[in-house]
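Coordinates in review
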Amino acid sequence: MKKAFSFPVLFVLYVSLVLSSAATAQTNRFSILYTTPSQGDRDFIVTQDSATLESGLFQIASDSTYAYRPMELTAGGNRVSGVIDHLLVENWTITIGLLRNWDVSFGLPIIWYNRFNAPTTPQPGFENVAGIGDAWMRARVRFFDKERSLFGLALSAFGTLPTGDEASFTSNNKETGGFFVIIDKNLGKRWSVGTNAGLMFREHVIYQDYEATSLVNASLGVRFQANYHLAFKSDVFLQTPIDHLLDSTVNSPLEALAQVEYKIPQTNFAINVGGGHSLVRGVGVPTWRGLAGIAYTGSINK
């Protein structure tokens, strides 16, 4: 039991340390695809929960998001022109339960529509830049089960590979990585809350008045389980540079999300629909967004 528990812990730390290359180089290109959908129990939207998939179970999910004006050129807080005015991304994810307290996820964002206008002088005009974003991997290990303990506690490590197009701000150009701590708790039979906090390591980025190296990611999620099939979720997500904490709205965007989830009776499918709105506009956070997704959970042994 001790070996089975220590191995995933070491693996999580390995992924975090090896894939997290906080580079000394400087760039003016980065990915605005900040968040990934939750995996496993999917108690929240982008906030991960501490529950891991049981050994032998897997989950395949497709989560799409449409973002309106996630990136633009501004002067004095006013819009000058757009860089990305419309962005439609489908996130494909597969999660596999390896041990009782450990699962891994692999994901790839597919960019179906990116109405992009390069931020050069003069700007060439809008075009559609379709393709893929950065592929990613995440390993999650659970320490406390919220169903049996006062609260749930887990550690997750992640890494990304530069498979996207950095010129259109859908890739970080180099490998990135990091970790975050997951804490969640059931509040009675219907309500649950969760929070994530962690770091993402990447190149030093300077783009106009945006500057960041390593990023602090934090989120808070709330879930209301109306009945077995129907649930309502709400998340708030914040990202801010560790060396410029909350020093400007451009560097530290804040977004609120809401979603309805429905588990289809007598199947292993769950569907969701929702949306989001910026609370603090900044790089990567749109004026508003739409959400829709479907997930299937099954057993490898069947």
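Quick note: structure is the one above.
In what follows, the accompanying structure is described.

What the rule picks out here adds up to 10 salt bridges. A salt bridge links Asp43 to Lys146, with the shortest nitrogen-to-oxygen separation between them at 2.4 Å. Of the two residues, Asp43 sits in the loop between β1 (26-27) and β2 (57-75) while Lys146 sits in the loop between β7 (135-144) and β8 (152-161), which places them 103 residues apart along the sequence. For the residue pair Asp43 and Lys146, the accessibility class agrees, reading buried in each case. For Glu255, the salt bridge is made with Arg289, and the minimal N-O distance between the two is 2.5 Å. One end of the pair, Glu255, is in strand β15 (residues 254-263); the other, Arg289, is in strand β17 (residues 288-299), with 34 residues separating them in the sequence. On the accessibility criterion, Arg289 (14% relative accessible area) is buried. Three or more residues are tied together by salt bridges with common partners; here these are Asp43, Lys146 and Asp184.

Right, let's get into the packing of aromatic side chains. All chains considered together, the criterion is met by 10 aromatic pairs. An angle of 70 degrees between the planes, with centres 5.4 Å apart, marks the rings of Phe30 and Phe169 as edge-to-face. Taken as a pair, Phe30 in the loop between β1 and β2 and Phe169 in the loop between β8 and β9 (176-187) lie far apart in primary sequence, 139 residues in all. Each member of the pair, Phe30 together with Phe169, is buried. Ring centres of Phe144 and Phe151 lie 6.0 Å apart, and the angle between their planes is 75 degrees; on these two criteria the pair is classed as edge-to-face. Since its relative accessible area comes to 32%, Phe151 is described here as partly exposed. Pairwise contacts between aromatic rings join Phe30, Phe116 and Phe169 into one cluster. When the ring centre of Tyr228 is taken as reference, the NZ or CZ atom of Lys263 above it lies at 5.4 Å.

Analysis parameters
Residues numbered from 1 in each chain as written. Predicted model: local features only at pLDDT ≥ 70, side-chain atom pairs only at ≥ 80, totals over all residues. Heavy atoms only, no water. Salt bridge = Lys/Arg side-chain N within 4 Å of Asp/Glu carboxyl O. Helix = DSSP H or I, 4+ residues; strand = E, 2+ residues; numbered from the N terminus. Buried < 20%, exposed > 50% of the residue type's maximum accessible area, 1.4 Å probe, protein only. Phe/Tyr/Trp six-rings, centres within 6.5 Å; stacked < 30°, edge-to-face > 60°. Lys NZ or Arg CZ within 6 Å of the ring centre and 35° of its normal.

Everything listed is a geometric property; what it means functionally is a separate question.
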